[in-house]
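Each chain, letter by letter, is given below.
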Amino acid sequence: MKPVIGYTLGDQAGIGPEVVAAALSSGELPAEAEYRLIGRRENVRMGRPNPESARHAFEHLEQAAQALREGVIDAVVTAPVCKETLHGAGFRWPGQTEFFAERLETKNYAMCLTGKKLTVGLATIHTSLQSVPSLLNTEELVRIGMLLKDFCRRKGISRPRIALAALNPHAGEHGAFGNEDESIILPAVERLKELCPEALFEGPSVPDCVYREAAEGLYDAVLAPYHDQGLIPLKLVDFHTAVNVTLGLPRPRLSPDHGTAFNLAGTGKASPSSTIHAFQLAVRMASAR
């Protein structure tokens, strides 16, 4: 049977509807899947965030989560939403990652961004930079490292090479710039090596080198200690192909790695490239279950 890939249109005042339509008509999506709209096309004012479009976006996310829970769809691609207006509509989660994890009763989850050159898992997500050192711990890094390994293997990489990026410059210089790399990240690497002989784990890797090395093919994925350390290099080299994947869910949820771009809504200038890659990966992941 063909895998069924659901999709939402996100905040329809933004570019979601047009990039989804462009992706579906591009001729680049796998023919061996069925693509099904979750929710409906709404008549909203385009180009500016507003409470009405946010309310519809929230409703459609709930419908998508229910469809995943019930197995009506095998994966879902969610178009971009505006978090500010979505929170005003009663959305109480930091982002869609946390929403789908709760709705699908999944505690073992993580955010991953993957493009043509880089795949980056995040140890911490939507939190302040000053809180990151206190949130890092060895057990969490091991947990997310294993999710990242499973994702790489699901993509067809038989023995993934994964680097754990250091938190501090020069990986801390043996404690000169902080001790988190030796006391938290290094034990995680050693533990992952013990638990996962089917993968190659390295680290703590110097942050200002490891992403270039991964982009050049030395690693299949990098586990970043915080949001911007991982996403800045990813968006620099993979902006048009990057896809956001929620790891650990019983059925995949993916989205293009860009925002609502209200300023481009209706102009025809928005690129569907990231959305196309999201659909392509959704089919691969749904077929590999």
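It should be noted that the structure appears before, not after, this text.
Quick caveat: nothing in here was measured; it's all calculated off a predicted structure.

Visitor: Mind showing me how you'd approach helix α9 (residues 227–238) here?
Guide: For an α-helix, the turn length of 3.6 residues means that residues three or four places apart are oriented alike. The end-to-end C-alpha separation of α9 is 16 Å, in line with the 16 Å expected for twelve residues at 1.5 Å each. Among all positions of α9, only Q229, G230, L231, P233, L234 and D238 are buried. For α9, the elements touching its buried residues are β4 (110–114), β5 (119–122), β6 (161–165), α8 (207–215) and β8 (221–224).

Visitor: Help me out: how do you make sense of the nonpolar core in this one?
Guide: A general feature of soluble globular proteins is that nonpolar side chains tend to end up buried together. Counting residues in hydrophobic clusters, the biggest one holds 47 residues, and the most contacted among them are I5, L141, L164, F201, V245, L247 and F279. Broken down by element, the residue count for this core peaks at eight residues, all from helix α10 (residues 273–287). Beyond its immediate chain neighbours, meaning those up to four positions away, I5 contacts A33, E34, Y35, R36, A75, V77, F279, A282, V283 and A286. Counting residues in each nonpolar core, the second largest holds 19 residues, with F58, A67, F99 and F100 among its members.

Visitor: I tried to follow the pattern of salt bridges on my own but got confused; where do I start?
Guide: Pairs can form between side chains of opposite charge once their charged atoms are near each other. Inspection of the entire model under this criterion finds 13 salt bridges. Ionic pairing is found between E62 and R103, a salt bridge with its closest N-O pair at 2.8 Å. A residue pair is termed long-range when its members are at least 10 positions apart, and E62 in helix α2 (residues 51–70) and R103 in helix α4 (residues 96–103) qualify at 41 residues. When its relative accessible area of 26% is taken as the criterion, E62 is described as partly exposed. Exposure remark for R103: the relative accessible area of 23% places this residue in the partly exposed category.

Visitor: What should I look at first to understand the sheet that holds β6 in this one?
Guide: Strand pairing in a sheet relies on backbone hydrogen bonds, with the paired strands running either antiparallel or parallel. Pairing in this open sheet of ten strands is mixed, and the strands run β2-β1-β3-β10-β9-β4-β5-β8-β6-β7 from one edge to the other. Among the strands making up the open sheet, the edge pair consists of β2 (34–37) and β7 (200–205). Across this sheet, the average inter-strand angle for adjacent strands is 25°, counted without regard to direction. Bridge count for strand β1 (residues 4–8) against β2 is four bridges, and the pairing is parallel. Looking across to β2, one finds that Y7 is bridged to L37.

What counts and what doesn't
Residues numbered from 1 in each chain as written. Predicted model: local features only at pLDDT ≥ 70, side-chain atom pairs only at ≥ 80, totals over all residues. Heavy atoms only, no water. Helix = DSSP H or I, 4+ residues; strand = E, 2+ residues; numbered from the N terminus. Expected span 1.5 Å × (residues − 1). Buried < 20%, exposed > 50% of the residue type's maximum accessible area, 1.4 Å probe, protein only. Contact = heavy atoms within 4.5 Å. Core = buried A, V, L, I, M, F, W, Y, C linked by side-chain atoms within 4.5 Å. Salt bridge = Lys/Arg side-chain N within 4 Å of Asp/Glu carboxyl O. Pairing = 2+ DSSP bridges. Axes fitted to C-alpha atoms, helices over the stretch in contact; angles between N-to-C directions.

Purely geometric numbers; function is a separate question.
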